[in-house]
Amino acid sequence: MKLASNKELQEYLCRLTAELECYGAHVLSRATKAASAHAWDMSTEFLGHARQALRRVRDEESMLNDKQRADLLAVLSQIEDAMNRRR
C-alpha cells in the first residue's frame, strides 16, 4: 500500500480504527483514532503519532489478516522513511 499524502494516511488510520473495533481491539482502535486526529497538526507531529500507534498495532494485534498486516507494515515503513528524511 503506497500512500501519497497525509490525507491518505489519515484515511488509512480511520479504516484501521474501524477494523480494530470490529476485532474488539478497543485500546488499539483508540490509539489509531487519536493519531488520525492529529492529521491537521504539523506534518512531523502527525507522522510521529501515526508511527507510534501503528507500531503498537504491529506489536500487539494478532487478529489482522495477511493483507491487513502487509498494509500496516508498508505504511509504517513509509512513515519511518519520511521521518528519517526529515532528520
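Residues numbered from 1 in each chain as written. Predicted model: local features only at pLDDT ≥ 70, side-chain atom pairs only at ≥ 80, totals over all residues. Heavy atoms only, no water.

Asks: Where do I start with the nonpolar core in this structure?
Replies: Membership of the largest hydrophobic core comes to 24 residues, with the highest contact counts inside it found for L9, L54 and I79. Listing elements by their share of this core, those giving two or more residues are helix 1 (6–22), helix 2 (26–36), helix 3 (43–60) and helix 4 (66–85). Residues within four places of I79 in sequence aside, it is in contact with L9, L47, A50, R51 and L54. (Core = buried A, V, L, I, M, F, W, Y, C linked by side-chain atoms within 4.5 Å. Buried < 20%, exposed > 50% of the residue type's maximum accessible area, 1.4 Å probe, protein only. Helix = DSSP H or I, 4+ residues; strand = E, 2+ residues; numbered from the N terminus. Contact = heavy atoms within 4.5 Å.)

Asks: How do you make sense of the pattern of salt bridges when you look at a structure like this?
Replies: Think of it this way: side chains of opposite charge can pair up when their charged atoms draw near. Applying the stated rule across the entire model yields five salt bridges. The salt bridge involving E11 is made with K7; its shortest N-O contact spans 3.5 Å. Remark: K7 and E11 occur in helix 1; sequence separation between them is four residues, near one turn of the helix. One salt bridge connects R56 with E60, and the closest N-O pair in it is separated by 3.5 Å. Of this pair, R56 and E60 both sit in helix 3, separated by four residues, roughly a single helical turn. (Salt bridge = Lys/Arg side-chain N within 4 Å of Asp/Glu carboxyl O.)

Asks: Sorry if this is basic, but what is going on with the side chain of T32 here?
Replies: Here T32 is to be found in helix 2. Residue T32 is classed as buried on the basis of its relative accessible area, which comes to 0%. Among the polar contacts listed, one links the side chain of T32 to the backbone oxygen of S29, at a separation of 3.0 Å. Contacts of T32, omitting those with residues within four sequence positions, involve L13, L16, T17, L20, A53 and V57. (Polar contact = N/O pair within 3.5 Å; in protein donor to acceptor, adjacent residues only side chain to side chain.)

None of the figures reported here should be taken as evidence of function without further support.
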